[in-house]
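Listed below, chain by chain, are the residues.
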Amino acid sequence: MSLQTAMSNRRYRVAIAISFAFFVAYFDRTNVSVLIANQEFTDSLGITGNKFAQGLLITGFLFPYGLCNFFTGPLGDKIGGRRGVIWSIIAWTVLMCAMGLVSNFVVMLVLRIVLGLGESIMTPSCNMIVAEWFPDRERARANSAWLGGLFLAPAVSFPVIVWIVNVFGWRESFFVLAAVGVLVALPMMWRWTANRPEEMAGVSPAELRHIRDGQAKPADPEPVKASLRRLFANYRYWLCVFSYMGYGLGFWGISTFVPSYLEHERHLGFTSSGTFAVIPWLTAAVLNLVGGMIGDRMPRGRVLLWSGGYVLGALLSYLGVATGTVGMSVVFISAAVGFLGFTLAPMWSVIQELTPRGTTGLGTGIANGVSYIASAFGPALVGALVDSSGSYNLGFFLLAGFLVVTALALAPLWRGHVRRGDLAEVPSTATKTEAHHD
């Protein structure tokens, strides 16, 4: 029997499970971006007209989320990616229910902070699962699958939350998210995933060979101290960490206020702004998949794709606020967010390749943590500049400029991000291990 006919392809179910879990997680994170454009919600919390306080609800999530990545990344290395995602789902389910019950800004802010703590293990855990379950040549596409939730969540959340708010009220939006997490995302992760393919029942020897023979890392981790020395001494890794800060600031700084920008600056109503705000995220979802496909076709060009997406995103976001028409503003902002989405699959593939086995959680956790700590200031910065200047333009322009700076920081990696010796040799055969479920 040929390799293809013997392939069990269980890794595709794993990709679906983590993709849906990440989708729901980002739904939870972005729902407040929609709600701050709703006066009933802001009146309930006493923050109507206070853009700084509204931005603080986003910052209150992002900063502890980023900070805790430094700790939950290594924790993920110890407990495994599957358990990390499951713990996160349980945490956000409880917190969504709590947020639907409060009417005080300080309490809501505290709950957003705790949500950041609970979800901080998600990204390192998903990176660990992809690094374990997919050969290098499939990794950009696998990353684009789960990272698609980052963009599909806002695309779905804007019209869905607007509808829920208009029909039932803003509190019910939190309860719906809690139900989806515990009733759908949790069972999928429980039944369809394992930390490693060797631990999953039904993974055929052919699929295991396909995965392990296609990975440049050995099947078993090297000593932790050696891995850490190799990771921390690699300047290429640190350039990637710095560059990812540009994405975080640009994404959260711009995306947080897209509905409010369309409503207040472009004079669209709450329902219309929620509808038009879907377009940037649909564009990003499509270009995210395109970035994954091109990233696997051009593995040596992944860093160039990353930098180029940043520059295009910066230019288009500038044009989005500079243009005089609503239609062109939506087009440019949509394209800007789309090209930011385009960069993610190649970017995480590069970082996954640069982190030795056994330190993937730590390496991706540090990168994600640094980015989110930086991005935590984006919404509050834009909000403060809007309050002081009465315009969104200055905040958006500053974020676009930083995107360009972080794109240029990757220049030393444009000719290749992995040198001989940075990774172990590809093993000739995979270890045949009796499959069993975790």
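One numbering rule holds for all chains: residues counted from 1, following each sequence as written. Given that the model is predicted, a residue must reach a pLDDT of at least 70 before its local features are reported, and side-chain atom pairs must reach 80 or more before they are shown or counted; all residues, however, enter totals for whole chains, interfaces and linings. Side-chain measures were taken over the full set of non-hydrogen atoms in the model, leaving aside hydrogen atoms and water.

- For the protein chain, an unreviewed UniProt entry supplies the name MFS transporter and the organism Amycolatopsis echigonensis.
- UniProt positions are given in the numbering used here, feature names are shortened, and annotations may be inferred rather than shown by experiment. Recorded in UniProt under Subcellular location (unreviewed entry), the annotation for the protein chain is "Cell membrane".

1. Concerning the overall build of the protein chain
- Only DSSP runs of H or I with at least four residues qualify as helices, and only runs of E with at least two residues qualify as strands; both kinds are numbered from the N terminus onward. On a plain count of helices and strands, the protein chain comes out with 20 helices and zero strands.
- When each of the 438 residues of the protein chain is scored for burial, the buried share is 61%.
- Two residues form a contact once any of their heavy atoms are found within 4.5 Å. When contacts within the protein chain are restricted to residue pairs at least 6 apart in sequence, long-range pairs at least 24 apart make up 86% of them.
- Accessible surface is estimated by sampling points in the Shrake-Rupley manner with a 1.4 Å probe; for residues, cover comes only from the protein chains shown. Counting every atom, the protein chain has about 16,100 Å² of accessible surface; 68% of that belongs to carbon and sulfur. Think of it in three bands: residues with accessible area under 20% of the maximum for their type are buried, residues over 50% are exposed, and the middle band is partly exposed, with areas taken using a 1.4 Å probe on protein chains only.

2. Observations concerning the environment of Val184
- Secondary-structure assignment places Val184 in helix α9 (residues 170-192).
- Residues Val184 and Ala17, 167 residues apart in the sequence, show an inter-C-alpha distance of 9.7 Å.

3. Quick look at the pattern of salt bridges
- By definition, a salt bridge exists where a carboxyl oxygen of Asp or Glu is found within 4 Å of a side-chain nitrogen of Lys or Arg. According to the stated counting rule, one finds 10 salt bridges in the structure shown.
- Here Arg141 makes a salt bridge to Asp296, at a shortest N to O gap of 2.7 Å. With a gap of 155 residues between them, Arg141 in helix α8 (residues 139-167) and Asp296 in helix α15 (residues 278-297) connect regions that are remote in the sequence.
- Residue class for Arg141 comes out partly exposed when judged on its relative accessible area of 41%.
- For Arg302, the salt bridge is made with Asp296, and the minimal N-O distance between the two is 2.9 Å. No difference in accessibility class separates Arg302 from Asp296, as the two residues are buried.
- If you follow the salt bridges from partner to partner, you end up with Glu132, Arg196, Glu198 and Arg212 in one network.

4. A word on the packing of aromatic side chains
- Here a pair means two rings of Phe, Tyr or Trp (six-membered ring of Trp) with centres within 6.5 Å. Their orientation is stacked below 30 degrees between planes, edge-to-face above 60, and tilted elsewhere. For the structure on display, the rule yields 15 aromatic pairs.
- Arranged with centres 6.1 Å apart and planes meeting at 85°, the rings of Trp170 and Phe174 form a pair that is edge-to-face. You can see Trp170 and its partner Phe174 sitting in helix α9, four residues apart, about one turn around the helix.
- Overall, the relative accessible area of 2% leaves Trp170 in the buried class.
- Each ring, one from Tyr318 and one from Phe397, has its centre 4.8 Å from the other, and the planes form 40°; the classification is tilted. Of this pair, Tyr318 sits in helix α16 (residues 302-322) while Phe397 sits in helix α20 (residues 393-408), placing them 79 residues apart in sequence.

5. Observations regarding helix α19 (residues 377-389)
- With 13 residues, α19 should cover 18 Å at 1.5 Å per step; its first-to-last C-alpha distance of 18 Å lies within 8% of that length.
- Of all the residues in α19, the buried ones are Gly378, Pro379, Ala380, Val382, Gly383, Leu385 and Val386.
- Once α19 finishes, Gly390 follows within two positions and takes phi at roughly 75°, a positive value. What a helix is expected to span follows from its residue count: subtract one and scale by 1.5 Å.

6. Quick look at the packing of helix α2 (residues 10-35) against α8
- As a rule, the C-alpha atoms of each element are fitted with a line to give its axis, helices using only the stretch in contact, and angles between N-to-C directions run from 0 to 180 degrees. Look at α2 against α8: their axes get within 7 Å of each other, and the N-to-C directions meet at 45°. Considering the angle they form, α2 stands oblique to α8. As α2 packs across α8, the resulting crossing turns out to be right-handed.
- Gly is put with the polar residues, along with every residue not named as nonpolar or charged; the nonpolar set is Ala, Val, Leu, Ile, Met, Phe, Trp, Tyr, Cys and Pro, and the charged set is Asp, Glu, Lys and Arg. The residue inventory of the contact of α2 with α8, partitioned by class, reads 20 nonpolar, five polar and no charged. Here the word oblique covers every angle except those under 35 degrees (roughly parallel), over 145 (roughly antiparallel) and from 65 to 115 (roughly perpendicular). Note on convention: the crossing is left-handed when the near helix lies turned anticlockwise from the far helix by less than a right angle, right-handed when the turn is clockwise.

7. Some points on the side chain of Asn143
- Along the polypeptide, Asn143 turns up in helix α8.
- Not counting the four nearest positions on each side in its chain, Asn143 is found in contact with Val130, Ala345, Trp348, Ser349 and Gln352.

8. Observations concerning the environment of Ser243
- Checked against the element boundaries, Ser243 lands in helix α12 (residues 235-255).
- Sequence separation between Ser243 and Val405 is 162 residues; the distance between their C-alpha atoms is 8.3 Å.
- Discounting chain neighbours no more than four positions away, the residues touching Ser243 are Trp306, Tyr310, Thr406, Ala407 and Leu410.

9. Examining a nonpolar patch on the surface
- Patch members must show over 30% relative accessible area and no salt bridge, and they are joined within 9 Å when carrying like charges or within 5 Å when they are nonpolar side chains of Val, Leu, Ile, Met, Phe, Trp or Tyr. Together, Val106, Val110, Ile113, Val114 and Leu117 make up an exposed nonpolar region whose accessible area comes to about 370 Å².
- Looking at the secondary structure, you find Ile113 in helix α6 (residues 105-119).

10. What to know about the environment of Ala285
- Its place among the elements puts Ala285 in helix α15.
- Exposure remark for Ala285: the relative accessible area of 10% places this residue in the buried category.
- Taking the C-alpha atoms as reference points, Ala285 and Gly341, 56 residues apart in sequence, are found 6.8 Å from one another.
- Sequence-distant contacts of Ala285, defined by excluding residues within four places in its chain, comprise Phe151 and Leu152.

11. Brief notes about the confidence of the model for the protein chain
- Confidence of the predictor at the level of single residues is given by pLDDT, which spans 0 to 100. Taken over all residues, the pLDDT of the protein chain has a mean of 82, while the share at 70 or more is 87%.
- Taken together, the stretch residues 1-5 has pLDDT below 50 and engages in three contacts with residues farther than four places along the chain or on a different chain.
- Across residues 420-438 the pLDDT falls below 50, and counting only partners more than four positions away or on other chains, this stretch makes 50 contacts in the model.

12. Observations concerning the packing of α8 against α9
- Taken N-terminus to C-terminus, the directions of α8 and α9 make an angle of 130°; their axes are 7 Å apart at the nearest point. With respect to each other, α8 and α9 are oriented oblique. Crossing geometry of α8 relative to α9 is assigned as right-handed. Between α8, through Ile161, Ile164 and Val165, and α9, the contact on the second element is made entirely by Trp170, Glu172, Ser173 and Val176.
- Its residues assigned to classes, the contact of α8 with α9 shows five nonpolar, one polar and one charged.

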